[in-house]
Amino acid sequence: GTLATTVGVGGTVTTDFAGSYDEARALVVQTDGRLVAAGSTQSATPTYSDFALARYNTDGTLDTTFGTDGTVTTDFAGRNDDANALVVQDGMLIAAGYAYIHFGNEPFLEEFALARYNPNGTLDAGFGTGGKVTTIICRYCWVNALAVQIDGKLVAAGTSISRFIHDFDFALARYQAH
């Protein structure tokens, strides 16, 4: 229960993305021991959030070979996007959460959102549209957990809220491996 002082400063690390609100919600360990954290970052102007990932070397320093100096942000549609789950699949990183998207005549919807990243932090263009997938399940839905099945398919689990705010349900979606 004591801090490993060989990591970061006295055993702790903080990472600032945009100088505003940054939050990590998921963490994976890659086969080489590097850590990847996922969550969201909110820029000062406009005040919308995006998926945020940071990769750390085993000593807690940012891995500068990943994204821009160790960090990656991903916007889905110009509104709030938050990552709550993260998995490693065949060396690729897949973050999942929600994207706040305008759909037709409907007001904005929160949709299941997934983004797959190459080992260097760029989006995998072979996944969904430009590396991103959104799925409308209900009016307000978001992914809380993500798993890779033995056959490579992804299963996202989260929350579904109907138009009646007090009606919460489990929401699941399964995606093809590639």
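Up top you'll find the structure we're talking about.
Reading guide: rules and limits
Residues numbered from 1 in each chain as written. Predicted model: local features only at pLDDT ≥ 70, side-chain atom pairs only at ≥ 80, totals over all residues. Heavy atoms only, no water. Core = buried A, V, L, I, M, F, W, Y, C linked by side-chain atoms within 4.5 Å. Buried < 20%, exposed > 50% of the residue type's maximum accessible area, 1.4 Å probe, protein only. Helix = DSSP H or I, 4+ residues; strand = E, 2+ residues; numbered from the N terminus. Contact = heavy atoms within 4.5 Å. Salt bridge = Lys/Arg side-chain N within 4 Å of Asp/Glu carboxyl O.

### Considering the nonpolar core
Of all hydrophobic cores here, the largest spans 18 residues; its most connected members are Phe51, Leu53, Leu86, Leu93, Ala95 and Tyr117. Contributing elements (two or more residues each) for this core: β1 (21–29), β2 (35–42), β3 (49–56), β5 (81–89), β6 (92–101) and β7 (109–117). Residue contributions to this core peak at four residues, all from β6. When residues no more than four places from it in sequence are discounted, the contact partners of Leu53 are Phe17, Val36, Ala37, Ala38, Phe66, Gly70, Thr71, Val72, Leu86, Leu93, Ala95 and Tyr117. Core analysis: the next-biggest nonpolar cluster, separate from the first, contains 17 residues, Ala85, Phe127, Cys138 and Val143 among them.

### Quick notes on the pattern of salt bridges
In this structure the tally under the stated criterion is five salt bridges. Put simply, Asp32 and Arg34 hold a salt bridge, and the shortest N to O gap is 2.6 Å. Judged by its relative accessible area of 43%, Asp32 falls in the partly exposed class. Each of Asp32, Arg34, Arg55 and Asp63 takes part in one network of salt bridges that share partners.

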